[in-house]
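Chain by chain, the residues:
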Amino acid sequence: MTFSVHGLAVSRGIAIGRAVLVASSRADVAHYFIEDEKTADEITRVRISRNAVMEEITRLQQDLPKDAPHELAALLDVHLMLLQDEQLISGVKHWIVDRHYNAEWALTTQYEIIARQFDDMEDEYLRERKADLEQVVERILRHMKGVASPVQPAAQAGAGRKLSQQDLLLDDTTDVPLVLVAHDLSPADMLQFKQSLFAGFATDVGGKTSHTAIVARSMDIPAVVGARSASQLIKQDDWVIIDGDAGVLIVDPSPIILAEYGFKQRQGELERQRLNRLKNTPSLTMDGQRVELLANIEMPEDTLGAVTAGAVGVGLFRSEFLFMGRSGKLPDEEEQYQAYRKAIEGMHGLPVTIRTVDIGSDKPLDRHAKAQDTHLNPALGLRAIRWSLADPPMFLTQLRAILRAAAHGQVNLLVPMLAHATEIRQTMSLIDHARATLDNNGTPYGPVRLGAMIEIPAAALTLKLFLKYFDFLSIGTNDLIQYTLAIDRADEAVSHLYDPCHPAVLRLIADTIAECDAQGKGVSVCGEMAGDVGMTRLLLGLGLRSFSMHPSQILAVKQQILRADASKLQPWAEQVLASEDPAALLQSA
Ligand code: PEP
Ligand code: MG
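Residues numbered from 1 in each chain as written. Chains lettered and ligands numbered in written order. Predicted model: local features only at pLDDT ≥ 70, side-chain atom pairs only at ≥ 80, totals over all residues. Heavy atoms only, no water.

Asker: Please provide a residue-by-residue account of the overall build of the chain, values included.
Answerer: Within the chain, the regular secondary structure consists of 25 helices and 16 strands. Rg of the C-alpha trace for the chain: 26 Å, near the compact-globule value of 25 Å for 589 residues, within the 12% margin. Projecting the C-alpha coordinates of the chain onto the three principal axes gives extents of approximately 80 × 65 × 40 Å. In the chain, once contacts between residues fewer than 6 apart in sequence are set aside, the share between residues at least 24 apart is 72%. (Helix = DSSP H or I, 4+ residues; strand = E, 2+ residues; numbered from the N terminus. Rg over C-alpha atoms; globule rule 2.2 N^0.38 Å. Contact = heavy atoms within 4.5 Å.)

And the structure:
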């Protein structure tokens, strides 16, 4: 029966596919398709690992001391029984043979199905067996890590591809698009799904500018977050439409609904093709004002998309993505240097703005760290520059790597979340220290322009201080909104209060742009607002001439710029700023 689940629209477009439910704890399991002739090898891989685990448990049982509690032996019996469970074995085979899932993915998919059945059991003893099942599955997965896959995880049939009417008929093949449904995914997990086989994403939790949503948007595939109980209501393999424009999930759609969304999907595709024609058009307003369109990236490889979209540089390289999902083992100077250098070379001489690491809050180093985080309010805690200044050796390592990479191209070094003069001075002194070390070692390095992010109201209210030390400023509207309005950007419960058009937010943005203009310093916006076509005209009217956004948003924003008359927008923006209800004025314009 068709039903819908409402959430927050975070990435535009329509995806139609079968649901793949992924538990956040297992998001790091590889997901890829295998070729037809390899299915037998893949089944063998699971069998070898399962047999090995059975042997392990049997040995454990035999070695149990005579006086061991009876419950222990009984528990091992249960584990052995679960390992031979017909539903587990046949289910795994089904996902491998019929759907061509790789072994790990097939195993975790079948685990999710059986785990739900356990959840629904009346009997408490049986319900608790879910934990045992989880343990045996974990054991098999651990064992499989040691049994190499005979196939390369490259065969990604249907990778991010849109569904055609024809696909809907190919129900049983690997050509069926898949959409990922999860309770929660960390930004690092999300990154792992980049260039993956999923055509859309939906999560129960998250706000529009949570980092998970930001990565989803950078993948340019439809996504909905904050859909509350979606991962409970949707079952493995259900057909789901993800409407990333309206923020709605439609589960088990009827043929009429499917046809309607198929039509919308094709319209979206046509619109994209139309926008593509603007790729080489210079970014100028109707009255001849040049506007710089830069890219936000998470990894060096993203520069390819940035160049393809016509970005004239990288306005924000979120370097923390190099640090995440590595079980706390941070990248050393050489690894970071190579990554930054790759990004610089990928931009072929265009400038690259590397932001120093912004770990903390909804960007934990890894998901276990998040689970263990006992701080009451991490968004107000040890995050970004605070985290860096608390660990000078780590920060110096990053600074040296960036300075060395700057020998290969134009680099801007951007510092996140500064608020205090002392933090600015400490940062400057550490940059000097990093340069001195490189000098002493005779290591080559290049010049960098220094920039600060304006993302805390305290910074926006003390601009003169910032402009005394920095060459340019970059407005991080995602955090500026969060901290001005005291709204956790990752919390869907207060997402209705997360208002980019709040007069206080607009005032801080307007003042920052005006002050930079007055002092002849560069200023850009690199928060999600820069890529929101609904905000382009207002930002132009406020005098902004540098926007940094996901590469996928560049052409749509360019279209707005080409249609805008900046001289007329300025007085209108003044009115919006003075209004009690700027959002209403924006909509009516
Ligand atoms: C911002 O806060 O607007 C920003 C660009 O940084 P991040 O989203 O990574 O916090
Ligand atoms: Mg920020």
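Asker: Please set out the sheet that holds strand β4 (residues 178-182) residue by residue, giving values where relevant.
Answerer: What the 8 strands build is an open sheet, ordered β1-β8-β7-β3-β4-β5-β6-β2; its pairing is mixed. Looking along the sheet, the strands with just one partner apiece sit at the ends: β1 (3-6) and β2 (8-11). Strand-to-strand twist across the sheet, computed as the mean angle between neighbouring axes with direction ignored, equals 30°. Bridge analysis of β1 against strand β8 (residues 248-251) gives 4 bridges, and the strand direction is antiparallel. Of the residues in β8, the one forming a bridge with Val 5 is Leu 249. Across the face of the sheet, helix α11 (residues 255-276) comes into contact with β3 (14-21), β7 (239-243) and β8 while running at roughly 120° to β3. (Pairing = 2+ DSSP bridges. Axes fitted to C-alpha atoms, helices over the stretch in contact; angles between N-to-C directions.)

Asker: Tell me about the side chain of Asn 412, and name the residues and values.
Answerer: Relative to the elements of secondary structure, Asn 412 occurs in strand β12 (residues 411-415). Judged by its relative accessible area of 9%, Asn 412 is buried. Polar side-chain contacts of Asn 412 include one of 3.1 Å to the side chain of Thr 353. Within the structure, Asn 412 has its side chain in polar contact with the side chain of Arg 449 (distance 3.3 Å). Setting aside residues no more than four positions away along its own chain, Asn 412 makes contact with Pro 351, Val 352, Thr 353, Ile 354, Arg 449 and Phe 472. (Buried < 20%, exposed > 50% of the residue type's maximum accessible area, 1.4 Å probe, protein only. Polar contact = N/O pair within 3.5 Å; in protein donor to acceptor, adjacent residues only side chain to side chain.)

Asker: How would you summarise the environment of Glu 56 if you had to cite specific residues and measurements?
Answerer: The residue Glu 56 is located in helix α1 (residues 39-62) in this model. Those residues in contact with Glu 56 that sit more than four places away from it in its chain are Arg 139 and His 143.

Asker: Report on the site of ligand 1, specifying residues and quantitative values.
Answerer: Ligand 1 sits among 17 residues. The nearest are Arg 318, Arg 355, Gly 476, Asn 478 and Arg 489. Residue Thr 477 places a main-chain N or O atom 3.1 Å away from an oxygen atom belonging to ligand 1. In this structure, an oxygen atom belonging to ligand 1 sits 2.8 Å away from a main-chain N or O atom of Asn 478. It is helix α20 (residues 477-485) that provides the largest number of residues to the shell around ligand 1, a total of 3 residues. (Near = heavy atom within 4 Å.)

Asker: Explain a negative patch on the surface to me, and be specific about the residues and the numbers.
Answerer: A contiguous patch of negative charge on the surface is contributed by Glu 122, Asp 123, Glu 124 and Glu 128. Residue placement: Glu 122 occurs in the loop between α4 (103-119) and α5 (124-127). The class for Glu 122 is exposed, based on a relative accessible area of 77%. (Patch = residues over 30% accessible without salt bridge, like charges linked within 9 Å, V, L, I, M, F, W, Y side chains within 5 Å. Areas by Shrake-Rupley, 256 points an atom, 1.4 Å probe, with all protein chains shown as cover. Salt bridge = Lys/Arg side-chain N within 4 Å of Asp/Glu carboxyl O. Lys, Arg positive; Asp, Glu negative; His and termini not counted. Charge placed at Lys NZ, Arg CZ, Asp CG, Glu CD.)

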